[in-house]
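# Structural overview
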Amino acid sequence: MTELIGQRSTRAWQDADTAHFLHPFTDFQALAHKGSRIIESAHNIYLRDTEGQRILDAMSGLWCVNVGYGQQALIDAATQQMGQLPFYNSFFQTTTPPAVALAEKLAAITPAQFQHVFFANSGSEGNDTVIRVVRRYWDLLGQPERHVIISRWNGYHGSTMGGASLSGMTYMHAQGGLPIPGITHIGQPHLFEFNLQRRSAGLPTVEEAEFGQMAARWLEDKILEVGPDKVAAFIGEPVQGAGGVIVPPATYWPEIQRICDKYGILLVSDEVICGFGRTGSWFGCETMGTRPDLMTFAKGVTSGYIPLGGVMVGERVAKVLIEQGGEFEHGYTYSGHPVACAVALANIDLMQSTQLIEHVRDDIGPYLAQGFESLRDHPLVGDVQSCGLMAALHLVRSKSSSGPEVFDPQLGVGMICRGHCFGNGLIMRAVGDRMIIAPPLIMTRAQIDDMMVLIRLCLDRTLVDLRTRNLWV
C-alpha cells in the first residue's frame with residue numbers, strides 16, 4: 001500500500017476519488033469542484049496528508065480514536081485473530097470465543113444492570129436494534145400499543161432509516177420521508193440557544209439549574225400528549241455530540257430519570273460518542289447519574305480501528321426477552337465479528353492498563369476545561385462548554401452585558417473558521433457557528449497547550465477574515 005500511495009500525486013487521488021467515491025454527508029458537486037483532502041498516515045494524535053501537512057486531530061477521527069493512532073496491541077490483536085479465525089457468523093446457534101469474551105468484558109465494565117449485549121457494526125445499526133428491542137419488549141408484555149419512542153431535536157442517533165428517524169436533524173428528515181411512524185421529538189437542553197430565543201422575544205433569561213428541570217419536563221409534557229400507555233422509551237445522548245457538544249445542566253438528567261421511572265418507560269442512553277471514557281467515566285450515563293435500561297455503543301469500543309457497535313440490554317428487558325422466548329427476527333451478518341471483538345478486547349485492556357479513564361477524569365479533562373474557559377476573552381467567543389475530553393465554543397458577532405449577538409447562519413462563519421483550522425494543521429468541527437472538539441484520550445497537557453495555541457490562532461485569523469469580508473464591525 002505504501003508503494004501504491006507513492007505512485008500517485010494528490011491530484012491523481014482526488015481525480016479518482018471524484019470519479020468513483022460518493023462520500024457520506026457531502027455535497028457531491030461541491031466536493032468534485034474542490035477535491036478531497038487525502039490522509040495517508042497517522043500516529044499518536046496526528047495525521048499526515050499527501051501534501052506532507054501534519055494535522056492535530058482534535059476530533060479523534062470521528063469521535064472514535066480514543067487510544068490514538070498506531071497502537072501496536074490493537075494491530076497485533078487484529079492480525080492474530082485474522083490468522084486464526086477471520087470470520088464466522090453468530091447465526092444458527094453458533095458463536096466464537098472473541099465474541100463471548102467481549103460480551104463478558106462489557107458486562108464487567110458497564111453499570112451493574114447490564115449483563116447482556118447484542119452486537120452490531122455501528123451506532124446507527126445499534127440504534128435500529130434499540131427500536132426493535134424496545135418494541136419487542138412491550139409486545140412480549142402484552143402491550144403492543146406502547147411503541148412510541150421519544151427523542152430530542154438536534155440529537156443524533158445515526159443515519160439509517162431508524163437511526164435518522166430517532167435523530168432530531170430536520171435536514172435529514174427532509175430526505176427520505178422521515179421520521180418513520182412511532183417516533184416523536186422534544187426540545188434539546190441547550191441553555192445558550194434557549195436564552196437567545198428568550199432575549200429576541202423580550203423575555204427574561206433563565207438560570208442553568210432552573211432550565212435543566214424545565215427542559216426535562218418537556219419529556220413529561222410529550223408523554224402526556226402522546227398518552228402514557230403508548231410511550232415505549234426515551235432516548236438521548238448524555239452529551240449531544242454531533243449536535244454541537246451540548247452539555248445539559250446538572251439538573252437535567254436526574255429529572256429525566258424521575259420522569260421515566262414515574263411512567264414506567266424505558267430509558268435509552270446513546271453512548272456511541274460518550275462511551276469508553278469520553279466524559280471521564282467509562283460511560284456517560286455514569287457521569288450524568290442515570291440508570292438506563294438500554295445503552296448503545298460503537299466508536300470508542302475499538303477506538304475506530306475496526307467497525308463494531310452494539311446495545312447493552314439491561315436485565316429488566318433481557319429477562320423478558322429470554323424468559324418469554326420466541327424468535328427475535330433481527331440481526332446482522334457481522335454481529336460479533338471475531339476480528340472486531342478481538343480488537344475491542346485489546347482496546348479495553350489497553351485503556352484499563354494505562355488508566356486512561358482516570359487520566360481523562362482527574363487530569364486532562366479538567367485541564368482542557370481550563371483551556372477552553374480561557375478562550376472566553378476572545379472577541380468571537382460567546383459561550384464555551386466542556387465535559388471530559390469534548391468541548392465547544394460558540395462564535396458570536398458581538399458580546400455585551402445584555403447578551404451576545406449571533407451571526408446570520410447564512411454567512412457560514414463556522415465553516416470559515418473550520419477552513420482556517422484545516423489550513424493551520426488543526427481538525428476542529430463546525431456545527432453551525434459552534435466549533436467543537438473531541439480529541440484522543442491519550443493527549444498530554446503539552447499537547448493540550450499546543451492545541452489551544454492553534455485554536456486561538458485560528459480564531460484570530462477568522463476574525464481578520466471576517467473584517468476583510470465586512471462581516472465584522
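The paragraphs below set out a description of the structure included in this document.

What counts and how
- Residues numbered from 1 in each chain as written.
- Predicted model: local features only at pLDDT ≥ 70, side-chain atom pairs only at ≥ 80, totals over all residues.
- Heavy atoms only, no water.
- Helix = DSSP H or I, 4+ residues; strand = E, 2+ residues; numbered from the N terminus.
- Buried < 20%, exposed > 50% of the residue type's maximum accessible area, 1.4 Å probe, protein only.
- Areas by Shrake-Rupley, 256 points an atom, 1.4 Å probe, with all protein chains shown as cover.
- Lys, Arg positive; Asp, Glu negative; His and termini not counted.
- Charge placed at Lys NZ, Arg CZ, Asp CG, Glu CD.
- Axes fitted to C-alpha atoms, helices over the stretch in contact; angles between N-to-C directions.
- Parallel < 35°, antiparallel > 145°, perpendicular 65-115°, else oblique.
- Left-handed = near helix turned anticlockwise from the far one by under 90°.
- Contact = heavy atoms within 4.5 Å.
- Nonpolar A, V, L, I, M, F, W, Y, C, P; charged D, E, K, R; others polar.
- Pairing = 2+ DSSP bridges.
- Patch = residues over 30% accessible without salt bridge, like charges linked within 9 Å, V, L, I, M, F, W, Y side chains within 5 Å.
- Salt bridge = Lys/Arg side-chain N within 4 Å of Asp/Glu carboxyl O.
- Phe/Tyr/Trp six-rings, centres within 6.5 Å; stacked < 30°, edge-to-face > 60°.

A word on the overall build of the chain. Of the regular secondary structure elements, the chain holds 18 helices and 15 strands. With the C-alpha coordinates aligned to their principal axes, the bounding extent of the chain is approximately 65 × 65 × 45 Å. Residues counted as buried form 54% of the 473 residues belonging to the chain. Accessible area of the chain: about 20600 Å², with a carbon and sulfur share of 53%. Computing the positive centroid from 36 side-chain charges and the negative centroid from 47, the chain places the two 4 Å apart.

When two helices pack together, their arrangement is given by the angle between the helix axes and the distance between those axes. Put simply, helix α11 (residues 208–226) and helix α12 (residues 252–263) touch, their axes get as near as 7 Å, and they point 20° apart. One way to sum up the angle between α11 and α12 is to call them roughly parallel. Once α11 is placed against α12, the crossing between them reads as right-handed. Between α11 and α12, the contacting residues are Gly212, Gln213, Ala215, Ala216, Arg217, Leu219, Glu220, Ile223 and Leu224 on the first element and Tyr252, Glu255, Ile256, Arg258, Ile259, Cys260, Lys262 and Tyr263 on the second. Here the residues of the contact of α11 with α12 are counted per class, giving 10 nonpolar, 2 polar and 5 charged.

The sheet built from 7 strands is open, its strands ordered β4-β10-β9-β8-β7-β5-β6 with mixed pairing. Looking along the sheet, the strands with just one partner apiece sit at the ends: β4 (114–120) and β6 (183–186). Taken pair by pair, the neighbouring strands of this sheet meet at an average axis angle of 25°, ignoring direction. Across 4 bridges, the pairing between strand β9 (residues 294–297) and strand β10 (residues 309–314) is antiparallel.

Where nonpolar side chains cluster on the molecular surface, the patch consists of Tyr88, Phe91 and Phe92 and spans about 340 Å² of accessible area. Mapped onto the elements of the fold, Phe91 is located in the loop between α5 (72–84) and α6 (97–109). On the basis of relative accessible area, Phe91 is assigned to the partly exposed category, the value being 36%.

We now examine helix α10 (residues 191–200). The set of residues buried in α10 consists of Phe192, Phe194, Asn195 and Leu196. Where α10 is buried, its residues contact α11, β11 (381–386) and β12 (391–395).

For the peptide bond that leads from Leu178 to Pro179, omega is 0°, which places it in the cis range. Mapped onto the elements, Pro179 comes out in the loop between α9 (170–173) and β6. The phi torsion at Gln355 lies on the positive side, around 50°, for a residue other than glycine. Position of Gln355 relative to the elements: it lies in the loop between α15 (338–353) and α16 (356–373).

The subject of this paragraph is the pairing of β9. The side-chain alternation of β9 yields two buried faces, one formed by Leu294 and Thr296 and the other by Met295 and Phe297. In this sheet, β9 lies alongside strand β8 (residues 266–270) in parallel orientation, the contact comprising 3 bridges. Following the sheet pairing, Asp270 is matched in β9 by Thr296.

The next thing to look at is the environment of Ala99. With respect to the element layout, Ala99 can be found in helix α6. Separated by 322 residues in sequence, Ala99 and Cys421 have C-alpha atoms that sit 40 Å apart. In contact with Ala99, other than residues within four places in its own chain, are Phe119, Gly336 and Cys341.

Moving on, we come to the sheet that holds strand β14 (residues 429–431). Pairing within the open sheet is antiparallel, and its 4 strands lie in the order β11-β12-β15-β14. If you trace the sheet from one side to the other, it starts and ends with β11 and β14, each paired once. For this sheet the average axis-to-axis angle between neighbouring strands, irrespective of direction, equals 25°. Two elements, β14 and strand β15 (residues 434–437), share 3 bridges in a ladder whose sense is antiparallel. Bridging across to β15, Val431 finds its partner in Arg434. Its contacts with the sheet place α16 against β11, β12 and β15, and it is angled at close to 10° to β12.

Across all of its chains, the model carries 17 salt bridges by this definition. Residue Asp363 pairs with Arg445 through a salt bridge whose shortest N-O separation is 2.7 Å. Placement of the pair is Asp363 in helix α16 and Arg445 in helix α18 (residues 445–468), with a sequence separation of 82 residues. Between Glu405 and Arg397 there is a salt bridge, with its nearest N and O atoms 3.7 Å apart. Here the salt bridges share partners, and the residues they tie into one network are Arg217, Glu220, Glu255, Arg258 and Lys262.

Here the focus is the pairing of β15. Residues Arg434 and Ile436 point to one face of β15 and Met435 and Ile437 to the other, with burial holding for every one of them. Where β14 folds back onto β15 in an antiparallel hairpin, the turn is made up of 2 residues, including Gly432, whose phi is positive at roughly 65°.

So, on to the packing of aromatic side chains. Under the counting rule described, the total for this entry stands at 14 aromatic pairs. Here the aromatic rings of Phe25 and Tyr156 are separated by 6.5 Å at their centres, their planes lie at 65°, and the arrangement is edge-to-face. Here Phe25 is found in the loop between α2 (10–20) and α3 (28–34), whereas its partner Tyr156 is found in the loop between β5 (148–152) and α8 (161–166), with 131 residues between them in sequence. With relative accessibility at 57%, the residue Phe25 sits in the exposed group. Tyr156 gets classed as partly exposed once you look at its relative accessible area, which sits at 23%. Both rings, one in Phe276 and one in Trp282, keep their centres 6.3 Å apart while their planes meet at 85°; by these two values the pair is edge-to-face. Comparing Phe276 with Trp282, the two get one shared label, buried. What links up through ring pairs into an aromatic cluster is the set Phe276, Trp282, Phe283 and Phe297.

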